[in-house]
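Per-entry structural report
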Amino acid sequence: MVTHTQSAGATASRAEPSLTYQPNVDICDLGAEVLFVADIPGAHADGISVTFDDGVLDVQASVPVRDFSGRSVLQEYGIGGYRRSFRLGDGFDASQIAADYTKGVLTIHVPRLAAVRPRTVEVKAG
Amino acid sequence: MPTFRPGFAPPFDELREELDRLWTTLTAAPPLHGWGVRPAEGVFPAVNVRESDDAITIEAELPGLEASGVDITVAGDELVLKGSRPETCPAEAGASGAITGNGHGNGDTGGKPRVTWHRRERGTGAFERRIPLPVAVDAARVDARLVDGVLTITCPKAAECRPRKVEVRTA
């Protein structure tokens, strides 16, 4: 079963879409690159900002207000924008960072500089 | 002569009015996150349910899912939502070489890259959520849309549950 958690410390409601959540994130290290996968449902690609400055990866997204009228019967989550930052430090190639947004999921590829990538050394027989 | 008002003596009457005003303000306000009912740990997805004169609308955030991967069934007085969230990391999902976006793939490790998880918050795998419906709905007309990871299910109310204006006839 899914082990899903709501964003910690998030507070928002339909009437106050300007409030901000921390998106749930998976961080997967593949050696040559680090993959950041963030749940940002309801956003559009042009409303998402990804910046890498001084070793800090910052993700921000605005979420348009959705048409969801009527009397509230049950509310288990709120709706608002997203923001989260990660300190990565040195050793990453900022010029090659790439991001794509599809089906409500933001995936960011942060490649390591070639000099610091893990490398397997072949042991030769003498 | 003062108008008779049943209730407490004047100082308490004012307090009661102030509490009434506060209560009205609180209950009229849109529910904040902290007031809402959070699903229990491990329950996925969280849902919001709203009711209008004509329909019950259920909204759920399902990032990463295809429309074809969501199964919705209306059975009696509940709606059942099933699906499965795919694995995040292409390498672990068995999609070797599927890592895209910048030309960096498997690095110098040769074959499948060694994966280290620094954080896993999103969760993957099968889920099932049963959502009680507050009124009877017309199951044949239920409509569902999944856009940018947001699932919206519109369940038109059964005819007998809709508000009906009664015409008053003259004798």
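Residues numbered from 1 in each chain as written. Chains lettered and ligands numbered in written order. Predicted model: local features only at pLDDT ≥ 70, side-chain atom pairs only at ≥ 80, totals over all residues. Heavy atoms only, no water.

1. Observations regarding the sheet that holds strand β5 (residues 116–120) of chain B
Quick note on the threshold: Two strands make a pair as long as DSSP finds a minimum of two bridges between them. Every helix listed is a DSSP run of H or I at least four residues long, and every strand listed is a run of E at least two residues long, numbered separately from the N terminus. Orientation is described by axes fitted as lines to C-alpha atoms, over the contacting stretch for helices, and by angles from 0 to 180 degrees between their N-to-C directions.
Here we have five strands laid out as an open sheet, ordered β8(A)-β9(A)-β3(A)-β2(A)-β5(B), and antiparallel in their pairing. The sheet terminates laterally at β8 (98–102) of chain A together with β5 of chain B, the two strands that pair on one side only. Taking each pair of neighbouring strands and ignoring which way they run, the sheet shows an average axis angle of 15 degrees. Relative to strand β9 (residues 105–111) of chain A, strand β3 (residues 33–39) of chain A runs antiparallel, the two being bridged by seven bridges. Opposite A:F36, over in β9(A), you have A:I108 as the bridge partner.

2. A short note on the sheet that holds strand β7 (residues 81–87) of chain A
All names here are of chain A. If you trace the four strands from one edge of the open sheet to the other, you get β1-β7-β5-β4, paired in mixed fashion. Only two strands of the sheet have a single neighbouring strand rather than two, namely β1 (20–21) and β4 (48–53). As paired strands, strand β5 (residues 56–61) and β7 are joined by six bridges and run antiparallel to one another. In the strand pairing of β7, L57 is matched with F86.

3. So, the confidence of the model for chain A
Short version of the rule: Per residue, pLDDT captures the predictor's confidence, and it can take any value from 0 to 100. Throughout, a residue-residue contact means that at least one pair of heavy atoms, one from each residue, lies within 4.5 Å.
For chain A, mean pLDDT is 84; residues scoring 70 or higher make up 86% of the total. Low pLDDT (under 50) marks residues 1–16 of chain A, which in the prediction has 63 contacts with non-local residues, meaning those over four places away or in another chain.

4. Describing the packing of aromatic side chains
Residues and elements named next belong to chain A. Formally: For this analysis, a ring pair means two rings from Phe, Tyr or Trp (six-membered ring only for Trp) whose centres lie within 6.5 Å, classed as stacked if their planes differ by under 30 degrees, edge-to-face if by over 60, and tilted for the remaining angles. Exposure categories follow from relative accessible area, calculated using a 1.4 Å probe and restricted to protein chains: below 20% of the type maximum is buried, above 50% is exposed, and the middle band is partly exposed.
Going through the model one piece at a time under the given rule, you end up with three aromatic pairs over all chains. Aromatic side chains Y21 and Y82 sit 6.1 Å apart centroid to centroid with 40 degrees between the ring planes, which places their arrangement in the tilted category. Of the two residues, Y21 is situated in strand β1 and Y82 in strand β7; the sequence distance between them amounts to 61 residues. Summarising the burial analysis for this pair, Y21 and Y82 share the class buried.

5. A few points about the layout of surface pockets
Counted only if it meets this: Definitions used throughout: a 1 Å grid over protein atoms alone; a cavity as a set of points that fits a 1.4 Å probe which cannot get out; a pocket as an open set with protein on both sides within 12 Å along at least five of seven lines; a lining residue as one with an atom within 4 Å of a point. Grid points are joined across faces, edges and corners, and a volume is the space filled by probe spheres set on the points. Under the convention adopted here, Pro, Cys and the residues Ala, Val, Leu, Ile, Met, Phe, Trp and Tyr are nonpolar, Asp, Glu, Lys and Arg are charged, and Gly plus all remaining residues are polar.
There is about 290 Å³ of room inside the second largest pocket. The wall of the second largest pocket is formed by 14 residues, among which A:R66, A:D67, B:V147, B:V150 and B:T152 lie closest to the centre. Elements supplying a minimum of two residues to the lining of the second largest pocket: β7 (143–147) and β8 (150–156) of chain B. Each residue belonging to the lining of the second largest pocket can be placed in one class, and the counts come to four nonpolar, four polar and six charged.

6. Describing the pattern of salt bridges
Working definition: two side chains of opposite charge can pair if their charged atoms are close together. So the rule is basically this: A pair is scored as a salt bridge if a Lys or Arg side-chain nitrogen falls within 4 Å of a carboxyl oxygen belonging to Asp or Glu.
Inspection of the entire model under this criterion finds 18 salt bridges over all chains. Taking the shortest distance from any N to any O, the salt bridge between B:K157 and B:E51 comes out at 2.8 Å. Of this pair, B:K157 sits in the segment after β8 while B:E51 is found in strand β1 (residues 47–51), placing the two residues 106 residues apart along the sequence. Assigned by exposure class, B:K157 and B:E51 land together as buried. For B:R141, the salt bridge goes to B:D138, with nearest N and O atoms at 3.7 Å. Residue B:D138 is classed as partly exposed on the basis of its relative accessible area, which comes to 25%. Several salt bridges share partner residues, and in doing so they unite A:D26, A:D39, B:R85 and B:R122 into one network.

7. Let's talk about unusual backbone geometry
At the junction of B:F44 and B:P45, the peptide bond is cis and its omega measures out at -5 degrees in the coordinates. Relative to the helices and strands, B:P45 is located in the loop between α1 (10–28) and β1. In this structure, A:D54 takes a positive phi of about 55 degrees despite not being glycine. Not every positive phi belongs to a glycine, and A:K103 is a case in point at roughly 55 degrees. With respect to the helices, strands and loops of the structure, A:K103 is situated in the loop between β8 and β9. With a relative accessible area of 28%, A:K103 lands in the partly exposed category.

8. Considering a nonpolar patch on the surface
Residue and element names in this part refer to chain B. For the record, the criterion: Patch definition: residues above 30% relative accessible area lacking any salt bridge, with like charges linked at up to 9 Å and the nonpolar side chains Val, Leu, Ile, Met, Phe, Trp and Tyr linked at up to 5 Å. The accessible surface values rely on the Shrake-Rupley method and a 1.4 Å probe; as for residues, cover is taken only from the protein chains in view.
A contiguous nonpolar patch, built from F12, L15, L19 and L22 and spanning about 400 Å² of accessible area, is present on the exposed surface. By secondary structure assignment, the location of L15 is in helix α1. On the basis of relative accessibility, which here comes to 48%, the residue L15 falls in the partly exposed class.

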